[in-house]
Amino acid sequence: MPAVIPYIPQQITVHLGAPGASAANVTVPFSDYVKNVASSEIYPTWEEAALRANILAIVSFALNRVYTEFYRSRGYDFDITSSTAYDQFFVNGRSFFENVARLVDELFNDYLRRPGFVEPLAAKFCNGTTVTCEGLSQWGSQNLAQQGYNSTQILRSYYGNVEIVNDAPIRGITSSYPGSPLRRGSFGPNVVVIQVELNRISQNYPAIPKVPNVDGIFGSRTEASVRAFQEIFDLNPDGIVGPATWYALVRLYTAVTALSELRSQGQQFYAIAWPYPGDLSPGDSGEQVKLLQYMLSTLSAFIPEIPPLTIDGIYGPQTRDAVLAAQRRFGLPQTGIADNATWDEIYDQFSGIETTALRSTETFPTSQSGQTQPRNRHSRSTTMTQFPGNNLQAGNQDPVRQEVVR
């Protein structure tokens, strides 16, 4: 399975001032943004190890702003500002230093993260002379480079245990909002996002009832939790997750987990479990049939042998034909009944497609024999608001991580 990592945006929109200031926005290629900031923040005569370390910190910090939708979840129409009081120094229209630009072309799709975490590190930095901070010291990085430290050693001396993700995929970034409201009867990974956000936010706001089963099904418990959230945060308490509620959840979830801070609690790879519900066969109906149809409809977009079908919760001829096609494709007995082996294989294939191929330009990989590669049971996300760990239930708490920053 390919490594699951956040995407590098093709472009980034910069507000030329403090967040609330009346100033223009400019949209530039992400690599040009990094070249601009690096040429404005550091000296081209520094040791290459120091330049590399600073460029990786610049990339990582900017990606964190994009990944957490830090400004857009607050209603702004930009991704980052040019104000050093909040973000990084960007000078619209400036030229780039040649050696800095060369290194950025090599490094702009690499970034830092904590091992086991998904989000790019909010790699804060300062010059280390007139201003000091918890993160990287720019002049200090040059001193370390002169002592023979390489870029990784420099970064770890300031940020502690970090790893460098190399060659992250590039794509046009869209908002995390799924495009239409989620309500009673909705299901799928976006509902899992809501359920996990609510459960984590409820640790800080106990008046929000926890969703006991994180199952991706928007039922009465999820609706009650959404209503309580909406009431606390002065939203229309209709139990429907439209754009305002979705981004309020994003904003609060980012805040309580400190995803946009250097000492983040961390966003982990997640697992969605849709356990085998028992044999499903023609004539059955209900939510479990809808989940089966949803997975099959996703597979049909990538595997031509599986026909498309309507998601209506009724196990009719379309569903039977799709199950038969999946069984034939995956080398299973062709019964038209979604038994344990069939459910597990469909789920494994779906989880791989939904969270990797659907969010990239990759095609669904096949083995040399032409058969689809089996996937593990963990559905991994590249979206900011992803499920942060195993299923949550009443009484769960996030672990407190102690990171050593030198």
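### Focus: the sheet that holds strand β2 (residues 11-15)
Strand order in this open sheet of three strands is β3-β2-β4, and the pairing throughout is mixed. Two strands bound the open sheet, and with one partner strand each, they are β3 (25-29) and β4 (80-81). In this sheet, β4 lies alongside β2 in parallel orientation, the contact comprising two bridges. Within the sheet, the bridge partner assigned to His15 lies in β4 and is Thr81. Helix α1 (residues 30-41) contacts β2, β3 and β4 of the sheet and is inclined by roughly 105° relative to β3.

### Here we look at the side chain of Thr222
Tracing the backbone through its elements, the reader meets Thr222 in helix α7 (residues 220-232). Dropping the residues within four chain positions of it, Thr222 is found in contact with Ile194, Gln195, Leu198, Val211 and Ile217.

### With respect to the environment of Leu107
Within the secondary structure, Leu107 sits in helix α3 (residues 98-107). Residue Leu107 is classed as buried on the basis of its relative accessible area of 5%. With 55 residues separating them along the chain, Leu107 and Arg52 place their C-alpha atoms 7.9 Å apart. Filtering out sequence-adjacent residues up to four positions away, Leu107 remains in contact with Arg52, Ile55, Leu56 and Val59.

### With respect to the nonpolar core
Counting residues in hydrophobic clusters, the biggest one holds 48 residues, and the most contacted among them are Ile12, Phe30, Tyr33, Val34, Ile55 and Tyr159. Of all the secondary structure elements, the ones that give two or more residues to this core are β2, β3, α1, α2 (48-67), α3, β5 (111-113), α4 (138-146) and α5 (151-159). In terms of residues, this core owes the most to one element, α2, which gives 13 residues.

### Overview of the state of the cysteines
Within this structure, the stated rule accounts for one disulfide. Each disulfide pairs two cysteine sulfurs, and for Cys126 the partner residue is Cys133, the sulfurs being separated by 2.4 Å. Linking Cys126 and Cys133, the disulfide has an S-S dihedral of approximately -95° and is accordingly described as left-handed. For Cys126, a relative accessible area of 7% translates into the label buried.

### Description of the pattern of salt bridges
Taken as a whole, this structure holds twelve salt bridges when the rule is applied. Measuring nitrogen to oxygen at the nearest pair gives 2.9 Å for the salt bridge that ties Glu261 to Lys124. Linking Glu261 in the loop between α8 (243-257) and α9 (287-300) with Lys124 in the loop between β5 and β6 (125-126), this pair joins segments that are 137 residues apart in sequence. Residue classification places Lys124 among the partly exposed residues on the basis of a relative accessible area of 30%. Note that Glu223 and Arg184 form a salt bridge whose closest N and O atoms lie 2.9 Å from each other.

### Remarks on the confidence of the model for the protein
Put simply, the protein has an average pLDDT of 83, and 84% of its residues get 70 or more. Here residues 355-406 is a poorly scored stretch, pLDDT under 50, and it has 156 contacts once near neighbours within four places are set aside; other chains count.

### So, α2
Here α2 spans 28 Å end to end across 20 residues, near enough to the 28 Å set by a 1.5 Å rise per residue. For α2, the tally of buried residues reaches 19 of 20 residues, placing the bulk of the element in the interior.

### Remarks on the packing of aromatic side chains
Describing an aromatic ring pair means giving the distance of the ring centres and the angle of the ring planes. Applying the stated criterion across every chain yields a total of 13 aromatic pairs. Where Tyr33 meets Phe90, the ring centres are 5.6 Å apart and the plane angle is 15°; that geometry is what we call stacked. Of this pair, Tyr33 sits in helix α1 while Phe90 sits in the loop between β4 and α3; the two residues are 57 residues apart in sequence, bridging distant segments of the chain. When sorted by exposure, Tyr33 lands in the same class as Phe90, which is buried. Ring geometry for Tyr43 versus Trp46: centroids 5.7 Å apart, planes at 40°, classification tilted. A relative accessible area of 7% means that Trp46 is categorised as buried. For the cation-ring pair, Arg65 lies above Phe70, with the distance from its terminal atom to the ring centre recorded as 4.0 Å. Just above the ring of Phe70 sits the side chain of Arg74; from NZ or CZ to the centre is 4.2 Å.

How each quantity is defined
- Residues numbered from 1 in each chain as written.
- Predicted model: local features only at pLDDT ≥ 70, side-chain atom pairs only at ≥ 80, totals over all residues.
- Heavy atoms only, no water.
- Pairing = 2+ DSSP bridges.
- Helix = DSSP H or I, 4+ residues; strand = E, 2+ residues; numbered from the N terminus.
- Contact = heavy atoms within 4.5 Å.
- Axes fitted to C-alpha atoms, helices over the stretch in contact; angles between N-to-C directions.
- Buried < 20%, exposed > 50% of the residue type's maximum accessible area, 1.4 Å probe, protein only.
- Core = buried A, V, L, I, M, F, W, Y, C linked by side-chain atoms within 4.5 Å.
- Disulfide = S-S within 2.5 Å.
- Salt bridge = Lys/Arg side-chain N within 4 Å of Asp/Glu carboxyl O.
- pLDDT = per-residue confidence, 0-100.
- Expected span 1.5 Å × (residues − 1).
- Phe/Tyr/Trp six-rings, centres within 6.5 Å; stacked < 30°, edge-to-face > 60°.
- Lys NZ or Arg CZ within 6 Å of the ring centre and 35° of its normal.

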